Amino acid sequence: MIDGGSASLGGVRPVGPELVGRDDETATIEAAVAGGADGACRLLLIDGEPGVGKTRLLAYLVERAHAAGRTVLAGGAAEFERLVPFGMYVDAFTRLSDEYGTPGAGPAAGTGPGDLAEAALRTLLSAGATDQGQLDRYHTYRGIRALLAHLAADRGAVLALDDLHWADAPSLELTEFLIRRPPATGLLLALACRSSMIPPVVADAVARRDPHVVRLSLAPLDEDAAASLMPPDVDPRRRRSMYRVSGGNPLFLRALLDADDTTLAELADGRPGATLALEQTLLAVLGRELDRLSPDGRRAAQAGAVAGELASPVVISHVAELDAPAAAAALDELCGQGLGTLTGPRFAFRHPLVRAAAYDTCGAGWRVAAHARVADYLRRTDGSLALLAHHTERCAEHGDEQAARTLGDAGIAYLNSAPATAVRLLREALRVLPERDDLVPYRGQLLTGLARGTGVMGSLAESRQILHQVIHLPHEVAAAAVAFSSVISRMLGRLDEARALLSTRTREAGYDQRVRAQLLVELAAVAVLRADTGEARRHALDAIALLSKTTDPALGASAYALLALACLQEGDVTTARAHSRRGGWLMDSASDTAIVPHVEIAAPLAWSEILLQRPADAARHLARGIDPATMSGRSYAMPYLLITQAHHQARAGRLTEAIGIAEHAAAASEYLRSSETLAMGRCVMLLPVLWRHGVRPATALADRLADAAPGSAWWRAMAHVSVARVRLAAGQAGAGHGPPLPPVLSRDTEVERLAVRSLRAGADGDARTALSLADAAVAAAAATGLSYHLGTAYDAWARASSGCDDLDGAAEAARAAVERFGECGAVVERGLAHQLLASVQDRMGDEVACRAEVGRAKAAYRDSGADWLAGGLARMERRLAARGPRQAARRTAGPPVLTARERQVADLIGQGLTNREVAERLQVSQKTVETHVANMFSKFDVRSRAALASRLARGHIPVVG
């Protein structure tokens, strides 16, 4: 083997020839391998023209990684298997599994490289199984990243992927995922691809000049290096001619060694400069090598090119239509001519371009028939569904039902792990499927699957168009499409459209009771999002009545969960509590299989349980929904479940977890291109980001949410409240924009809306309006009796009372807020109430009580990870600590002295006038009055207008000026 030839990248450690002319590159590789274990180098790109030596250099990296004790995974792509999902990664993990032998046999069974490789293969190949669920692609990627992190944990690992330019779409997407979200440390990702075909995400990583990214762009060899690859007896004139023709390309040079003088002279007229022309020239030269083979040898080479990774002597014999002895002799000829090698039962060409040349020399008709023979072999041997679909796709003709079912079944199997592949296979299946009445149900199934695939890929509009083809089919075929069409509309925020379609369908005859109940449940879900509580209750109750005559506990749980939410939206907490418990009982009694079609149930059920102060039930039911959603590929349900889980974590004061889960929900929404769930994910992330990271990132997130708010009335109201709270924290009470309130509002958001309005009025200096709104919030909260609502209302009342200088009332309300937030487990909100109470007690002059409340707030922030809030509290602690020396200095300096204007302001404050009223009376600006008040607060060391009036009433205060 020479530079530019093939090299094994698998578990067997090859001993290749000495690399020539690549001293700088090998030194870079040595450094990358040495630094890969500690994360100094995370991505190494080797690029160049075809045949320049990328594969050989990557093989050298694999050799050095083995020598350094790294765990090595090596795989590659092939031009003719680009349609097989995750081919590169299946190749890499298969080789690793083969290298380490039987999984579970070692002392650390279940955690060794062989075990982890098998786990990865199960993850990647799960879509090919017809009797079990599949992982959706986002969770597939996360799972592979976790397995790679385990492999890299001890000694570091190298993942070497060759010919990335031929990668199938899922392999390329997984590679992009690993580049954007690499394991924490210890993994070196080494990629080889053509310079003209570098994937955008790899090019972006190089362009950013990231110090963890290294690029090796291979130039042609110089004349001296090229000469060392030629036999010593080559005539100098021929040597110069070969170098001029090859341009220093090692593979081209190797192909020219056996070229006759005529061929060399023809090529010497001018070396093509473009890579495409070079590849065509190489193929022409390699084709001449194939021309020298015997007819059987040529036919075996063509069969091997068609069979690809299946190219064993048995398969080549079957595809080439040669008997076993003739096939064996033909393979011996191929190996003897240096066109490939036979390793165990597998034949591999020496370079992908050799295989490409053999494939190109096949006649078009023979090639189609050869793919059909490979497909026949796979059917007879129960071969891989992915490979069977690959070969069937290349030979299927219209009207071939068997081929259509192969392609359709494979497409449905790959819907969630490799949706691009699934969509392509389903389109081809629909093209091939015969137009027969008995196949209408199967055609409907394929169209529904195609709609799901295009929807998962983000083409939600196209998905809706496909579904409209199905909803006009017979009821038993159309029911699933109608329900999924509503899901797509919900994810696009088009609730009126979903409502219209479902309403029309539920009024039609022909549906059985269970299917009609399912459509009614979907209608109830749409009504809840629209905050149409009456319609939501009516549809949920109708569904429950129908389900009483069937046995579907999961669908019944969905109906009760939505009914509970509708009752909460109406403020009917007692009834909501009963329905929520009934829904939880039904979900607990349902099997995992029964839950899978209705995994979204966990989101509304857990949301109601969070509001009703049953966090343990909410956590259990969320786990019960997320696990089957992950394993069944219900990727469209994941954002809803993750959003609810993030809300649950935020309420419990686990801010790091809440932000991480909300980011996961946002990423899943971006994969699905669901603007609605993306906005919902940002909504639940907003306050945790504020409390943990501060105003700047929270404001940036609030701006994005304001620009792309949820379309549903219910979530738009929640987004309005969250954005307003961030604006208030940033001191932007009247600045910045936010999602406007929808025309229809539900009772469950009323308390928080009133509280925010109260806080905004207080920030604007309108203390009386703030107190009036806070009183209304307390009344609304008392009507529900929910602790979180009461805590929110009392917090607003305490702040409004403080703004009116009613410090006793403020302290009482703040204590009530602390107690109520404690009852419902709202850790951060309880900390904020403690801090508010500390501020009030500070103004009242009760330093001991103030310090105690500061300590309680500090503990709440520490436990919840509210770092930004803790920083603000630390500043308050420093002010308290500095107050002692200032107070001592004032005692020695005598009583404070007021200016004449300050005395006038003080007298009017003592009469109960507000700053605005004082400014009008004295005919000065309100800002001037505020400055005088601040100066008097400092002189008398007080924190409230009431305390200032009390000090002034105690005795004579000197006045100057």
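Predicted, not measured: the structure shown is a model, and the values here were computed from it.

About the thresholds
Every chain's residues receive numbers from 1 upward, in the order its sequence appears when written. Reporting in this predicted model follows two pLDDT cut-offs: at least 70 for local features of residues, and 80 or more for side-chain atom pairs to be given and counted; totals over whole chains, interfaces and linings ignore these cut-offs and use all residues. Side-chain calculation: all heavy atoms of the structure are included, whereas hydrogens and water are not. Secondary structure is summarised from DSSP: a helix means a run of H or I of at least four residues, a strand means a run of E of at least two, and numbering begins at the N terminus for each. In this scheme, a residue with accessible area under 20% of its type's maximum is buried, one over 50% is exposed, and one in between is partly exposed, where area comes from a 1.4 Å probe on protein chains only. Contacts are residue-level and defined by heavy atoms, with any inter-residue pair within 4.5 Å sufficient. Methods summary: accessible areas were calculated by the Shrake-Rupley approach with a probe of 1.4 Å, and residue burial reflects only the protein chains presented. Each axis is a line fitted through C-alpha atoms, taken for helices only over the stretch in contact, and angles between the N-to-C directions span 0 to 180 degrees. Oblique is the label for any angle not covered by the other classes, which are roughly parallel (under 35 degrees), roughly antiparallel (over 145) and roughly perpendicular (65 to 115). Each crossing gets its handedness from the near helix: less than a right angle anticlockwise from the far helix is left-handed, clockwise is right-handed. Note on terminology: a nonpolar core comprises buried Ala, Val, Leu, Ile, Met, Phe, Trp, Tyr and Cys residues joined through side-chain atoms within 4.5 Å. Strand pairing is assigned whenever DSSP detects at least two bridges linking the two strands. Salt bridge, as applied in this entry: a Lys or Arg side-chain nitrogen positioned within 4 Å of an Asp or Glu carboxyl oxygen. Patches in this entry comprise residues that are over 30% relatively accessible and not in a salt bridge; like charges within 9 Å are linked, as are nonpolar side chains (Val, Leu, Ile, Met, Phe, Trp, Tyr) within 5 Å. When charges are counted, Lys and Arg are positive and Asp and Glu negative, with His and the chain ends excluded. For this purpose, a charge sits on NZ of Lys, CZ of Arg, CG of Asp or CD of Glu. Planes of paired rings set the category: under 30 degrees apart is stacked, over 60 is edge-to-face and the rest tilted, where pairs are Phe, Tyr or Trp rings (Trp by its six-membered ring) whose centres lie within 6.5 Å. The reported arc concerns the directions from the helix axis to the C-beta atoms and nothing else. pLDDT gives the predictor's per-residue confidence on a scale running from 0 to 100.

1. Things to note about the overall build of the chain
Here comes step 1: A count of helices and strands for the chain gives 47 helices and 9 strands.
Here comes step 2: In the chain, buried positions account for 57% of the 961 residues.
Here comes step 3: Across the chain, contacts joining residues at least 24 apart in sequence account for 69% of those joining residues at least 6 apart.
Here comes step 4: Just so you have it, the chain exposes about 38200 Å², and 52% of that area is on carbon and sulfur atoms.

2. Here we look at the packing of helix H33 (residues 655-672) against helix H34 (residues 675-693)
Helix-helix packing is described using two parameters, namely the angle between the two axes and the distance between the axes.
Here comes step 1: Orientation of H33 relative to H34, taken along the N-to-C sense of each, is 155°, at an axis distance of 9 Å. Between H33 and H34, the interaxial angle falls into the category roughly antiparallel. Crossing of H33 over H34 shows left-handed handedness. Between H33 and H34, the contacting residues are Leu655, Thr656, Ala658, Ile659, Ala662, Glu663, Ala666, Ser669 and Glu670 on the first element and Thr677, Leu678, Gly681, Val684, Met685, Pro688, Val689, Trp691, Arg692 and His693 on the second.

3. Concerning the nonpolar core
Here comes step 1: Residues Tyr89, Phe93, Leu148, Leu159, Leu191, Trp691 and Trp715 are the most contacted members of the largest nonpolar core, which totals 236 residues.
Here comes step 2: By residue number, the principal contributor to this core is helix H27 (residues 553-570), which donates 12 residues.

4. Considerations on the environment of His647
Here comes step 1: Secondary-structure assignment places His647 in helix H32 (residues 638-651).
Here comes step 2: Residue classification places His647 among the buried residues on the basis of a relative accessible area of 17%.
Here comes step 3: Counting along the chain gives 34 residues from His647 to Gly681, while the straight-line C-alpha distance between them is 9.3 Å.

5. Here we look at the sheet that holds strand E1 (residues 43-48)
Here comes step 1: Read from one edge to the other, the open sheet built from 5 strands follows the order E2-E3-E4-E1-E5, with strand pairing classed as parallel. At either margin of the open sheet sits one strand with a lone partner, and together these are strand E2 (71-76) and strand E5 (213-217). Here the strands of the sheet are splayed against their neighbours by 15° on average, with no regard to which way each runs.
Here comes step 2: Here 6 bridges tie E1 to strand E4 (residues 187-194), and the two strands are oriented parallel to one another. Paired with Leu44 across the bridge in E4 is Ala190.

6. Re the pairing of strand E7 (residues 346-349)
Here comes step 1: Side chains of E7 alternate between two faces, with Phe347 and Phe349 buried and Arg346 and Ala348 left unburied.
Here comes step 2: In terms of strand pairing, strand E6 (residues 340-343) meets E7 through 4 bridges, oriented antiparallel. Note that in E7 the partner of Thr341 across the bridge is Ala348.
Here comes step 3: Hairpin connection between E6 and E7: a loop of 2 residues separates the two successive antiparallel strands, and Gly344 in this loop has a positive phi of roughly 65°.

7. Regarding the pattern of salt bridges
It is possible for side chains bearing opposite charge to pair when their charged atoms get close.
Here comes step 1: Scanning the entire structure with this criterion turns up 39 salt bridges.
Here comes step 2: With a shortest N-O distance of 3.2 Å, Arg380 and Asp376 are connected by a salt bridge. You can see Arg380 and its partner Asp376 sitting in helix H17 (residues 364-380), 4 residues apart, about one turn around the helix.
Here comes step 3: Residue Arg380 is classed as exposed on the basis of its relative accessible area, which comes to 52%.

8. A few points about the pairing of E2
It is a general feature of regular strands that their side chains alternate between the two faces of the sheet.
Here comes step 1: Here E2 lies mainly inside the structure; 5 of its 6 residues are buried.
Here comes step 2: In this sheet, strand E3 (residues 157-162) lies alongside E2 in parallel orientation, the contact comprising 6 bridges. In the strand pairing of E3, Ala74 is matched with Ala160.

9. As for a positive patch on the surface
Here comes step 1: On the surface, a cluster of positive charge is contributed by Arg142, Arg180, Arg181 and Arg208.
Here comes step 2: Relative to the elements of secondary structure, Arg208 occurs in the loop between helix H7 (200-207) and E5.
Here comes step 3: Arg208 sits in the exposed class, given a relative accessible area of 54%.

10. Focus: unusual backbone geometry
Here comes step 1: Unusually for a residue other than glycine, Ala531 sits at a positive phi of about 60°.
Here comes step 2: Following the sequence through the fold, Ala531 ends up in the loop between helix H25 (513-529) and helix H26 (533-547).
Here comes step 3: Phi is positive for Gln613, which is not a glycine, with a value near 65°.

11. Structural notes on the environment of Met685
Here comes step 1: With respect to the helices, strands and loops of the structure, Met685 is situated in helix H34.
Here comes step 2: Linking Met685 and Ala702, residues 17 residues apart in sequence, is a C-alpha distance of 9.8 Å.
Here comes step 3: If near-sequence neighbours (up to four positions away) are discounted, Met685 is found in contact with Ala662, Glu663, Ala666 and Leu701.

12. Examining the packing of aromatic side chains
Here comes step 1: Considering all chains together, one arrives at 8 aromatic pairs under this definition.
Here comes step 2: Arranged with centres 5.0 Å apart and planes meeting at 80°, the rings of Phe347 and Phe349 form a pair that is edge-to-face.
Here comes step 3: By relative accessible area, which is 13% here, Phe349 ends up buried.
Here comes step 4: With a centroid separation of 6.2 Å and an interplanar angle of 70°, the aromatic rings of Trp714 and Trp715 are classed as edge-to-face.

13. Looking at the side chain of Thr792
Here comes step 1: Positionally, Thr792 belongs in helix H39 (residues 787-803).
Here comes step 2: Thr792 sits in the buried class, given a relative accessible area of 12%.

14. Describing the environment of Asp867
Here comes step 1: When you line up the elements, Asp867 lands in helix H43 (residues 867-893).
Here comes step 2: Put simply, Asp867 and Trp691 are 176 residues apart on the chain and 6.8 Å apart in space, counted from C-alpha to C-alpha.
Here comes step 3: The contact partners of Asp867, leaving out residues within four places of it in the chain, are Trp691 and Arg692.

15. Quick word on helix H16 (residues 352-360)
Here comes step 1: Taking burial as the measure, the 9 residues of H16 include 7 buried ones, the bulk of the element.
Here comes step 2: All buried positions along H16 are accounted for by Leu353, Val354, Arg355, Ala356, Ala357, Ala358 and Tyr359.

16. As for H7
Here comes step 1: Along H7, the positions that sit buried rather than exposed are Val201, Val202 and Ala205. Viewed end-on, H7 has its buried residues packed into an arc of 105°, placing them on one side of the element. Turned more than 90 degrees from where H7 packs its buried face, Pro200 and Ala207 sit exposed.
Here comes step 2: Residues of H7 that are buried sit in contact with E1, helix H6 (169-180), E4 and E5.

17. Quick word on the confidence of the model for the chain
Here comes step 1: Across the chain, the average pLDDT comes to 84, with 87% of residues at 70 or higher.
Here comes step 2: Residue range residues 127-135 is modelled with pLDDT below 50. Its contacts to residues more than four positions away, or to other chains, number 23 contacts.
Here comes step 3: Note on residues 270-276: pLDDT under 50 across the span, and 11 contacts to partners over four residues away in sequence or across chains.

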